[in-house]
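One-letter residues, chain by chain:
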Amino acid sequence: MYKFKDLYILDFSKIEHYTEIHNIIKKELDFPDYYGCNWDAFWDCLTDMVGRPVNIRIIGVENIENIFGSDESDMLIDTLKEFKHYRNDKYSDQINIEIIKNGNAFIL
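Let us look at the structure shown here.

So, how was this worked out
- Residues numbered from 1 in each chain as written.
- Predicted model: local features only at pLDDT ≥ 70, side-chain atom pairs only at ≥ 80, totals over all residues.
- Heavy atoms only, no water.
- Phe/Tyr/Trp six-rings, centres within 6.5 Å; stacked < 30°, edge-to-face > 60°.
- Helix = DSSP H or I, 4+ residues; strand = E, 2+ residues; numbered from the N terminus.
- Buried < 20%, exposed > 50% of the residue type's maximum accessible area, 1.4 Å probe, protein only.
- Pairing = 2+ DSSP bridges.
- Axes fitted to C-alpha atoms, helices over the stretch in contact; angles between N-to-C directions.
- Salt bridge = Lys/Arg side-chain N within 4 Å of Asp/Glu carboxyl O.

1. A closer look at the packing of aromatic side chains
Next, step 1: Enumeration over the complete set of coordinates arrives at six aromatic pairs.
Next, step 2: Centre to centre, the rings of Trp 39 and Phe 42 are 5.6 Å apart; their planes meet at 75°, and the pair counts as edge-to-face. Note that Trp 39 and Phe 42 are positioned in helix α2 (residues 39-48) at a spacing of three residues, about one turn of the helix. The exposure classification of Trp 39 matches that of Phe 42, with both residues buried.

Below, the structure is given as structure tokens:
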């Protein structure tokens, strides 16, 4: 559980089924077996990672939008934004999130 890496890469560019979103998250972020595969569980497990540097690169978010709609991609991005500013930015200098969308990089 939580094997910290220099960079976590969440690549959604080849997903076809909704469950793959959370399977990728669980595997790549090394979330525990009890990870609930929903956005509330995503938040809970993310905040358990606070206190160490967390660098996340998201690839293929446009694929989530195209297949499942913007609500799902928005939940992912909004949760990561909230994580970046967790506890009134107390850890913001330790949290770096890069989103690669349509070949362009965006930093949260």
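2. As for the pairing of strand β1 (residues 8-11)
Next, step 1: Where burial is concerned, the two faces of β1 differ: the one with Tyr 8 and Leu 10 is buried and the one with Ile 9 and Asp 11 is not.
Next, step 2: As paired strands, β1 and strand β2 (residues 54-59) are joined by four bridges and run parallel to one another. Among the inter-strand pairings, Ile 9 is bridged to a residue of β2, identified as Arg 57.

3. Description of the sheet that holds β1
Next, step 1: Taken in spatial order, the four strands make up an open sheet running β1-β2-β3-β4, and their pairing is mixed. Either end of the sheet is taken by a strand with one partner, and the two such strands are β1 and β4 (104-107). Ignoring strand direction, the axes of neighbouring strands in this sheet form an average angle of 20°.

4. Here we look at the environment of Asp 33
Next, step 1: Positionally, Asp 33 belongs in the loop between α1 (18-28) and α2.
Next, step 2: On the basis of relative accessible area, Asp 33 is assigned to the exposed category, the value being 74%.

5. A look at the pattern of salt bridges
Next, step 1: In total, this model carries four salt bridges according to the counting rule given.
Next, step 2: Of the charged contacts, one joins Glu 28 and Lys 5 as a salt bridge, the two residues approaching to 3.9 Å between their closest N and O atoms. Linking Glu 28 in helix α1 with Lys 5 in the segment before β1, this pair joins segments that are 23 residues apart in sequence.
Next, step 3: Owing to a relative accessible area of 23%, Glu 28 belongs among the partly exposed residues under this scheme.
Next, step 4: Under the relative-accessibility criterion, Lys 5 is labelled partly exposed at 35%.
Next, step 5: A salt bridge links Glu 28 to Lys 27; its shortest N-O distance comes to 3.9 Å.
Next, step 6: Residues joined in a network through salt bridges with shared partners are Lys 5, Lys 27 and Glu 28.

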